[in-house]
Amino acid sequence: MKFNLFKILIAAAFLSSAFSLAQTSVIEKIKKNPKAPFSYAELSVKEGGKWEDNQYIGGTFKNVQEITLPESHTDHSYYIRYEGIGLENNQIGYRLYLDWRNATDIFGKKVNTLVLPEVGQDGFESYHHDAFWGQDILKSGRTIGIGSYGRYDEQNDFVETFKIVKNTAVKVVNEKDQSYASIDYKGWKTWGNPIDLQSKLTIFNRDRFVKVDLNLSNTISGLCTGIVAFKNIPLKQGISKNKKWGYIASYGNQTETKKDDNLGMAIFYSLESFDKYVKIKSTHTVVFKKTKNVSYYFLGAWSWEPNGLVTEEAFYQDLDKKLEILDKNNQL
């Protein structure tokens, strides 16, 4: 038994090392030609420290390709670098919190080169402040941020996130023209029986959008996505010519940079899967029909992005072009 345990530990150490080398290889490949189109998915956790209640004390960050979250992990556990998975290309970066919040945040970029491997290395506070590369620009608060997913509770007018989950396993993959994170939530409890949900968030080596694919173990009602609702920022809605796809979107000074900048946010959804739009206290919400699987897209566009969409008109022209593509091809 001891010998078998030893072999298991050796194998685990080998896999951890292999995963770290795989991430390093991807980073080095991108850095060799830094301005070439790229996509990148990242997951970085601490090693060498110890858990004290719900916080991880000490240790250093190491990139990995997959983990199953420890039971002790929650928000502000200081275990995962920038608290979740990262997705990035030349134009923008996103992160999804790997805890009960399950919100997606935006890292606005002022450069078109790779930045995520350096973000959060010096603590969780630094990326909230202006840096040469950009910063965290979206204040998601108690919402699901931009394009994340939850379950709309119509009775209480509230989006339920992932407060009760039996187990969460995460994997990131970098391919030639796209990168993605796959997240398996086992035993997600809202109301009714617990279900399993698998999400896949894919970013490409072009444009700003992320494709989200959700697959559930059972059909449920109320599955939803959305974008943060800010005071005095109007919501706009669009429908494609052949009424196959639609979007909700907002544009304006809706960042936390405290500077004269603008941010556009949008969700693209298939009208076949669309149930209704709901505005709750702090979220513009797209609720899907009772379903077992659904796919949609989200995107953010920051006015300080190099060669970005610096006006509201340009932002909505870009969205309308994407609607045309979705109408013809059913994908971006």
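Residues numbered from 1 in each chain as written. Predicted model: local features only at pLDDT ≥ 70, side-chain atom pairs only at ≥ 80, totals over all residues. Heavy atoms only, no water.

K.L.:
When you look at the nonpolar core in this model, what are you seeing that I'm missing?
P.N.:
Across soluble globular proteins, nonpolar side chains have a tendency to be buried as a group. One finds Y149, F268 and F315 to be the most contacted residues of the largest nonpolar core, which totals 69 residues. Of the residues forming this core, the biggest block, 7 residues, is contributed by strand β23 (residues 291-302). The residues contacting F315, other than those within four sequence positions of it, are A249, S250, Y251, G264, M265, A266, L299, A301 and L309. With 15 residues, the next largest nonpolar core counts I30, F38, L114 and V119 among its residues. (Core = buried A, V, L, I, M, F, W, Y, C linked by side-chain atoms within 4.5 Å. Buried < 20%, exposed > 50% of the residue type's maximum accessible area, 1.4 Å probe, protein only. Helix = DSSP H or I, 4+ residues; strand = E, 2+ residues; numbered from the N terminus. Contact = heavy atoms within 4.5 Å.)

K.L.:
Would you mind showing me how to read the sheet that holds strand β22 (residues 283-288) here?
P.N.:
Two orientations exist for strands paired in a sheet by backbone hydrogen bonds: parallel and antiparallel. With respect to topology, 5 strands assemble into an open sheet ordered β12-β11-β17-β22-β21, the strand pairing being antiparallel. Only two strands of the sheet have a single partner each, and these edge strands are β12 (158-160) and β21 (274-280). This sheet shows a mean twist of 40° between the axes of neighbouring strands, independent of strand direction. Examined bridge by bridge, strand β17 (residues 223-228) and β22 share 5 bridges and lie antiparallel to one another. Counted as the bridge partner of I227 is H284 from β22. (Pairing = 2+ DSSP bridges. Axes fitted to C-alpha atoms, helices over the stretch in contact; angles between N-to-C directions.)

K.L.:
Whenever I open this one, helix α2 (residues 312-329) confuses me. Can you help?
P.N.:
Taking 1.5 Å per residue, 18 residues should reach 26 Å; α2 reaches 26 Å between its end C-alpha atoms and fits that length. Where α2 is concerned, the buried positions are F315, Y316, D318, L319, K322, L323, L326 and D327. Of the surrounding secondary structure, the elements contacted by the buried residues of α2 are β18 (235-239), β19 (245-252), β20 (263-270) and β23. Residue N330 follows α2 closely and has a positive phi angle near 65°. (Expected span 1.5 Å × (residues − 1).)

K.L.:
For this particular structure, what's the right way to read the pattern of salt bridges?
P.N.:
Pairs can form between side chains of opposite charge once their charged atoms are near each other. With the rule as written, the count across this model stands at 17 salt bridges. Of the charged contacts, one joins R101 and E83 as a salt bridge, the two residues approaching to 3.0 Å between their closest N and O atoms. Residue R101 is found in the loop between β8 (92-97) and β9 (104-109), and its partner E83 is found in the loop between β6 (66-68) and β7 (84-89); the two are separated by 18 residues along the sequence. Of the two residues, R101 and E83, both sit in the buried class. The shortest N-O distance in the salt bridge between E312 and K236 comes to 3.4 Å. On the criterion of sequence distance, the pair formed by E312 in helix α2 and K236 in strand β18 is long-range, its members being 76 residues apart. What makes E312 partly exposed here is its relative accessible area of 34%. (Salt bridge = Lys/Arg side-chain N within 4 Å of Asp/Glu carboxyl O.)

K.L.:
I keep staring at the packing of aromatic side chains and nothing clicks. Help me out?
P.N.:
Here the distance between the centres and the angle between the planes together describe a pair of aromatic rings. In total, this model carries 20 aromatic pairs according to the counting rule given. Residues Y149 and F162 carry aromatic rings whose centres are separated by 5.9 Å and whose planes lie at 90° to one another, so their mutual orientation is edge-to-face. Taken together, the residues Y149 in strand β11 (residues 149-153) and F162 in the loop between β12 and β13 (167-174) connect sequence positions 13 residues apart. In this pair, the class of Y149 matches that of F162, namely buried. (Phe/Tyr/Trp six-rings, centres within 6.5 Å; stacked < 30°, edge-to-face > 60°.)

K.L.:
Before we go on, may I ask you to explain the sheet that holds β18 in this structure?
P.N.:
Spatial strand order, β6-β13-β14-β15-β16-β23-β20-β19-β18: 9 strands in an open sheet with antiparallel pairing. Each edge of the open sheet carries a strand with a single partner, namely β6 and β18. In this sheet, neighbouring strand axes are inclined to one another by 15° on average, regardless of whether the strands run parallel or antiparallel. The sheet contact formed by β18 and β19 spans 5 bridges and is antiparallel. Within the sheet, the bridge partner assigned to I239 lies in β19 and is G246. Running at roughly 165° to β19, α2 makes contact with β18, β19, β20 and β23 of the sheet.

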